[in-house]
Amino acid sequence: MHGPAPNEELQNLNPETMDVPDVIPIFPLPKTALLPGEVLPLHVFEPRYRALVRDAVATHKVIGIVQVVPGFETDLPGSPPVRETGCIGYIASHEELPDGRFMMWLLGLERFRILEELEPSAAYRQVRVRYEPTPESPKRLAEIRALRDELRKLLPGLVELDNAALGQFAQHMDQVSDAQLIALACQILDIGSDRKQEVLEAGSLADRFLMLYEDLYKHLDLNPGLEKLNPDRLN
């Protein structure tokens, strides 16, 4: 699905005050990992997942996004094995089309670990989960402040935008939360799903930043022709 995310709805959300259930429906996806702070557009067409979306919209409005274990993508019509760690997504906006398909945007809230899969009571799979917020040590985050600032400075220079749009984007990068910065970095650097899963499973927020800082410089080494960010372009 393409098109802009519903920014107004997303800006009005306050994930920290949301009450999420410990039994959730899951949407297994191949080569896909959702991160906290990330916006994921989805086109839902399979009947069982249409039912999942309808039920979620009518109740808690959350869906667990889990990655299908690599090598089992051909088992998608059934119940392929999935990663134990996923991310809860809040249905920030959705549209049901005349033929029953859904277009929707999910906002990643928090990671979880699957404790058990429940016996089927609906067409889709449901699991009991334990939420595992990523530890945030103010001291450790302060220790890598220069690294975080460098990510905010360099990432906009890797996006193809005209000068005016680039300046606005750079200002936006200065204002986003740490979780949003990590999600944007994965998108800009085109991080693969396996690496994103590693980022999701990282032991701390600082570890996520260190991983992406490493990925940023790998990206720059592999693309030496990329134009580096010129501060004059942001004024």
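Thresholds applied
- Per-chain numbering applies: the sequence of each chain, read as written, is numbered from 1 onward.
- Per-residue local features are limited, in this predicted model, to residues with pLDDT of at least 70; the limit for side-chain atom pairs, both in listing and counting, is 80 or more; totals at the level of whole chains, interfaces and linings are taken over all residues.
- With hydrogens and water stripped out, all remaining heavy atoms of the structure feed into the side-chain values.
- Comment: elements are numbered from the N terminus, with helices defined as DSSP H or I runs of at least four residues and strands as E runs of at least two.
- Areas reported here follow the Shrake-Rupley algorithm with a probe of radius 1.4 Å; residue values treat only the protein chains shown as occluding.
- We call Phe, Tyr and Trp rings a pair once their centres come within 6.5 Å, taking the six-membered ring for Trp, and we label the pair stacked below 30 degrees between planes, edge-to-face above 60, and tilted otherwise.
- Any residue under 20% of the maximum accessible area for its type is buried, any over 50% is exposed, and the rest in between are partly exposed; the area is computed with a 1.4 Å probe on protein chains only.
- The directions considered for the arc run from the helix axis to the C-beta atoms.
- The contact criterion used throughout is that any non-hydrogen atoms of two residues lie within 4.5 Å.
- Salt bridges are counted wherever a side-chain nitrogen of Lys or Arg sits within 4 Å of a carboxyl oxygen of Asp or Glu.
- Distance and chemistry together define a polar contact, namely a pair of N or O atoms within 3.5 Å, with one atom able to donate a hydrogen and the other to accept it when in protein, and with adjacent residues in sequence counting only for side-chain atoms on both sides.
- Per-residue confidence from the predictor is given as pLDDT, running between 0 and 100.
- Remark: nonpolar core denotes a set of buried residues (Ala, Val, Leu, Ile, Met, Phe, Trp, Tyr, Cys) joined through side-chain atoms within 4.5 Å.
- Helix span, expected: 1.5 Å multiplied by one less than the number of residues in the helix.
- Only the stretch in contact is used when a helix axis is fitted, and all axes are lines through C-alpha atoms; the angle between N-to-C directions ranges over 0 to 180 degrees.
- Roughly parallel means an angle under 35 degrees; roughly antiparallel means over 145; roughly perpendicular covers 65 to 115; every other angle is labelled oblique.
- For a crossing to be left-handed, the near helix must be turned anticlockwise from the far one by less than a right angle; the clockwise case is right-handed.
- Only Asp, Glu, Lys and Arg are considered charged in this grouping, and only Ala, Val, Leu, Ile, Met, Phe, Trp, Tyr, Cys and Pro are considered nonpolar; every other residue, Gly among them, is considered polar.

Can you explain the overall build of the protein chain? Please cite residues and give values.
Tallying secondary structure elements over the protein chain gives eight helices and six strands in all. Ordered by position from the N terminus, the helices and strands of the protein chain form the series α-β-β-α-β-β-β-β-α-α-α-α-α-α. Surface summary for the protein chain: the accessible area is close to 12,500 Å², and the carbon and sulfur share equals 50%.

Would you mind going over the packing of aromatic side chains in detail, with residue names and values included?
Summed over all chains, the structure comprises two aromatic pairs. Pairing Phe27 with Tyr49 gives two aromatic rings, centres 4.4 Å apart and planes at 10°, and the pair type is stacked. Here Tyr49 lies in helix H2 (residues 47-58) and Phe27 lies in strand S1 (residues 23-29), a separation of 22 residues in the sequence. Take Tyr49: its relative accessible area is 6%, and that puts it in the buried class.

Account for helix H7 (residues 193-201), with residues named and values stated.
Looking only at H7, the buried set comprises Ser193, Lys196, Gln197, Val199 and Leu200. Viewed end-on, H7 has its buried residues packed into an arc of 160°, placing them on one side of the element. Elements that come into contact with the buried residues of H7 comprise strand S3 (62-67), strand S4 (85-96), strand S5 (102-117), helix H6 (178-188) and helix H8 (205-222).

Got a sec to walk through the pattern of salt bridges? Specific residues and values, please.
Tallied over the entire structure, the rule returns 17 salt bridges. Across the pair Asp207 and Arg140 runs a salt bridge, and its minimum N-O distance is 3.0 Å. Linking Asp207 in helix H8 with Arg140 in helix H3 (residues 138-143), this pair joins segments that are 67 residues apart in sequence. Judged by its relative accessible area of 31%, Arg140 falls in the partly exposed class. Note that Glu214 and Lys218 form a salt bridge whose closest N and O atoms lie 3.2 Å from each other. With a gap of four residues between them, Glu214 and Lys218 both fall in helix H8, about one helical turn apart. Residue Glu214 is classed as partly exposed on the basis of its relative accessible area of 39%. On the basis of relative accessible area, Lys218 is assigned to the partly exposed category, the value being 44%.

Outline the side chain of Ser193, supporting the account with residue identities and numerical values.
Among the secondary structure elements, Ser193 is positioned in helix H7. Within the structure, the side chain of Ser193 is placed 3.5 Å from the side chain of Gln67, a separation counted as a polar contact. Ignoring sequence-local partners within four residues, the contact set of Ser193 consists of Lys31, Thr32, Ala33 and Gln67.

Which residues make up the confidence of the model for the protein chain, and what values do they have?
Summarising the model, the protein chain shows a mean pLDDT of 87, and 88% of its residues fall at 70 or more. This stretch, residues 227-235, has a pLDDT under 50; its non-local contacts, to residues over four places away or in other chains, come to 14 contacts.

Give a detailed account of the nonpolar core, specifying residues and quantitative values.
Within the largest apolar cluster, 47 residues are counted, with the highest numbers of intra-cluster contacts made by Leu42, Ile63, Ile65, Leu155 and Phe209. No other element matches the seven residues that H8 contributes to this core. In this structure, Ile24, Val62, Leu107 and Leu109 belong to the second largest nonpolar core, which totals 14 residues.

Could you give an account of helix H5 (residues 163-175), naming the residues involved and the relevant values?
Look at H5: 19 Å from first C-alpha to last across 13 residues, which is about the 18 Å you get at 1.5 Å a residue. Three or more residues of H5 are buried, namely Leu166, Gly167, Phe169, Ala170 and Met173. Seen from one end, H5 has its buried residues packed into an arc of 165°, which puts them on one side. Exposed and facing more than 90 degrees away from the buried side of H5 are Ala164, Gln168 and Gln175. Looking at the buried positions of H5, the neighbouring elements they touch are helix H4 (145-154) and H6.

Can you break down the packing of H7 against H8 residue by residue, with the values?
Their axes nearest at 9 Å, the elements H7 and H8 cross at an angle of 150°. One way to sum up the angle between H7 and H8 is to call them roughly antiparallel. As H7 runs across H8, the sense of the crossing is right-handed. Contact residues: Arg195, Glu198, Val199 and Leu200 in H7; Arg208, Met211, Leu212, Glu214 and Asp215 in H8. Here the residues of the contact of H7 with H8 sort into four nonpolar, no polar and five charged.

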